[in-house]
Amino acid sequence: MSRSIILLLSLCTFVHVEGVVPSNIPLSGNVLKRDELIKLYFMEGLKYAEIVLFLFCNHNIKMTIRHLKRILRKLNLRRRPIQYSPTQDVVKIIREECNVSGQCVGYRTMWKRLIRDYGLAVKRNDVMKIMQQIFPNATEERKAHRVLI
């Protein structure tokens, strides 16, 4: 383990940190299995070190990043997917999102939303191209920083 993680783990035991934790992050009161917690934190987009710290601070589960990666491999969870989602599904969801609330968001925000909220595996570049094709005027306005709400 690197020095920074050891330092953070030791701080976690001695320092009481207060902050706002999103409602979908389970704290120690919830009874979830280790693998379920790891999957949840991974799907939330946390980094490996953050997952290890959350497990230790909130659930008293000690593990190294190497062991975490082993567990993620066993659960078939990867940062870069082997197979990407079908383009038709991506286009359909982007249209729905833009009709509901995502009209003014850029392609990076939309890309993160597709990954986090819908569990799609899609390249950021593909989202950019799809949004350019669906909304050519909005894309040009965002490029020129002239988006009107």
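Residues numbered from 1 in each chain as written. Predicted model: local features only at pLDDT ≥ 70, side-chain atom pairs only at ≥ 80, totals over all residues. Heavy atoms only, no water.

An unreviewed UniProt entry lists the protein chain under the name Sperm-lysin, with Tegillarca granosa as the source organism.

A. Seen up close, the packing of helix α2 (residues 34–43) against helix α4 (residues 65–74). Relative orientation of the contacting elements α2 and α4 amounts to 90°, with a least axis distance of 11 Å. Looking at the two axes, α2 sits roughly perpendicular to α4. Of the residues in α4, those in contact with Arg34, Asp35, Ile38 and Phe42 of α2 are His67, Leu68, Ile71, Leu72 and Lys74. Each residue belonging to the contact of α2 with α4 can be placed in one class, and the counts come to five nonpolar, one polar and three charged. (Axes fitted to C-alpha atoms, helices over the stretch in contact; angles between N-to-C directions. Helix = DSSP H or I, 4+ residues; strand = E, 2+ residues; numbered from the N terminus. Parallel < 35°, antiparallel > 145°, perpendicular 65-115°, else oblique. Contact = heavy atoms within 4.5 Å. Nonpolar A, V, L, I, M, F, W, Y, C, P; charged D, E, K, R; others polar.)

B. Quick peek at the nonpolar core. Counting 15 residues, the largest nonpolar core has Val90, Ile94, Met110, Leu114, Val127 and Phe135 as the members making the most contacts within it. Residues contacting valine 127, with those up to four places away along its chain left out, are Ile94, Tyr107, Met110, Trp111, Leu114 and Val122. If you look at the next biggest cluster of nonpolar residues, it comprises 14 residues, including Leu37, Tyr41, Met63 and Leu77. (Core = buried A, V, L, I, M, F, W, Y, C linked by side-chain atoms within 4.5 Å. Buried < 20%, exposed > 50% of the residue type's maximum accessible area, 1.4 Å probe, protein only.)

C. Spatial organisation of the pattern of salt bridges. Here the structure, examined in full by the defined rule, presents four salt bridges. For the salt bridge of arginine 34 with aspartate 35, the shortest nitrogen-to-oxygen distance reads 3.3 Å. Accessibility expressed as a relative area gives 23% for aspartate 35, which makes it partly exposed. When the shortest N-O distance is used, the salt bridge between lysine 74 and aspartate 35 registers 3.2 Å. Of this pair, lysine 74 sits in helix α4 while aspartate 35 sits in helix α2; the two residues are 39 residues apart in sequence, bridging distant segments of the chain. Salt bridges here are not isolated pairs; linked through shared partners, they connect Arg34, Asp35 and Lys74. (Salt bridge = Lys/Arg side-chain N within 4 Å of Asp/Glu carboxyl O.)

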